[in-house]
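Coordinate inspection notes
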Amino acid sequence: MTTTTPPVTLDDIRDAATRLKGVAHRTPVLRSRTLDALVGAEVFLKCENFQRVGAFKFRGAYNAASRLAPEQLARGIAAYSSGNHAQAVALAARELGTTAVIVMPEDAPPSKRDATAGYGAEIVSYDRYTGDRVAIAEALAAERGLALIPPYEHPHVIAGQGTAALELLEEVGELDALMTPVGGGGLIAGSATAAKGLYAGIRVIGVEPEAGDDTKRSLEAGRRVAIPVPHTIADGQALHTPGELTFSMNRLLVDAIALVSDDEIRDAMRFAFERLKIVVEPSGATPLAALLAGRAGPLPRRVGVIISGGNVDAERFARLCRTVA
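Values in this document were obtained by computation on a predicted structure and should not be read as measured data.

1. Side note on the pairing of strand β5 (residues 122–126)
Strand residues, when the strand is regular, have side chains that alternate between the two faces of the sheet. Across five bridges, the pairing between strand β4 (residues 100–105) and β5 is parallel. For Val-101, the partnering residue across the bridge sits in β5 and is Glu-122. Chirality of the crossover, the property in question, places the unit of β4, helix α6 (residues 110–118) and β5 among those that are right-handed.

Structural data, given as structure tokens:
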């Protein structure tokens, strides 16, 4: 009898947590009686909008970068990202005393581009609708001898992202369900590995914008499905196909995918601001949107939600929250 070792295990996530201790923030878990009453469940919000760089991405970026050999660190790091991973790699590089080159789409939110540059990274722009960011980044890395740290297709990145769920479960105990946003699939792959490693019966639910339902379609088809690059306010989830590594994990670990509209995302952002007193970016708000709109189906008693990030500038936040269906 042969067994296959998963690409990421609970032990890998625990090891990442040790590496991140004192470097990444242990983010707060918020409760709201109003939210509980509205959705009919006890909801525990893991607020990664309070993480360094304003998003969970710092966990995976630092976990991966910190494992590079000294001679590789001396040459530098490359990455590609629409924003949050870009900032995360830029900050990880600065923390580790090296440099970063980041491939970012031309239409990335200005606040995310500015923050990435502010951490000292060199930015290379491309058109997300016509360019191939992976090919551009791979060519740059090969030309300059840089270590490429992808936003989700890397076991150390996935393990780092899983530490958010690990912390949540350590703090609040067993949950009946865990909800996370789904973009490339790294956050939910790491979260599901941690959650099901601790509590095998937990239900893991991912949330995508309606316009970017590539993971839902892929899980239903049993293979990776590509869609046109989606137009959605959830820019961190505007991908056309799941990652190969992440999909291989998520098809075994994820129980369901819920979809939310851009208007439902706006409503969730507004609710988080007005009732929870927190700022959440569109991608980070998708699980909350699914809860408030009833998109996740009947809920069990105790539900954990990872609010993945809060990187949205004041002008865009105000504009989105003013836009009502």
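Now that the structure has been shown, the text picks up again.
2. Structural notes on the packing of helix α1 (residues 10–20) against helix α8 (residues 155–172)
Interhelical geometry of α1 versus α8 gives an angle of 85° and a closest axis separation of 8 Å. When the axes of α1 and α8 are compared, the pair comes out roughly perpendicular. Facing α1, whose interface residues are Leu-10, Asp-12, Ile-13, Arg-14, Ala-16, Ala-17 and Leu-20, α8 presents Ala-159, Gly-160, Gly-162, Thr-163 and Leu-166. Class assignment for the residues of the contact of α1 with α8 results in seven nonpolar, three polar and two charged.

3. Quick look at the state of the cysteines
Summed over the entire model, instances satisfying the criterion amount to zero disulfides. Residue Cys-47 stays outside any disulfide, its sulfur separated by 16 Å from that of Cys-321, the closest cysteine.

4. Things to note about the side chain of Asn-84
As for its placement among the helices and strands, Asn-84 is situated in helix α5 (residues 84–95). For Asn-84, the residues in contact, after removing those within four places along its chain, are Val-53, Ala-55, Lys-57, Lys-112, Glu-281 and Asn-311.

5. Some details on the layout of surface pockets
Taken as a whole, the largest pocket holds about 750 Å³ of empty space. Of all the elements in the fold, those that place two or more residues in the lining of the largest pocket are α5, α7 (133–144), α9 (186–198) and α13 (282–292).

Cut-offs and rules
Residues numbered from 1 in each chain as written. Predicted model: local features only at pLDDT ≥ 70, side-chain atom pairs only at ≥ 80, totals over all residues. Heavy atoms only, no water. Pairing = 2+ DSSP bridges. Helix = DSSP H or I, 4+ residues; strand = E, 2+ residues; numbered from the N terminus. Right-handed = clockwise from strand over helix to strand, strands pointing away. Axes fitted to C-alpha atoms, helices over the stretch in contact; angles between N-to-C directions. Parallel < 35°, antiparallel > 145°, perpendicular 65-115°, else oblique. Contact = heavy atoms within 4.5 Å. Nonpolar A, V, L, I, M, F, W, Y, C, P; charged D, E, K, R; others polar. Disulfide = S-S within 2.5 Å. 1 Å grid on protein atoms, 1.4 Å probe; cavity = no way out; pocket = protein on both sides within 12 Å on 5 of 7 lines; lining within 4 Å. Points joined across faces, edges and corners; volume = space filled by probe spheres on them.

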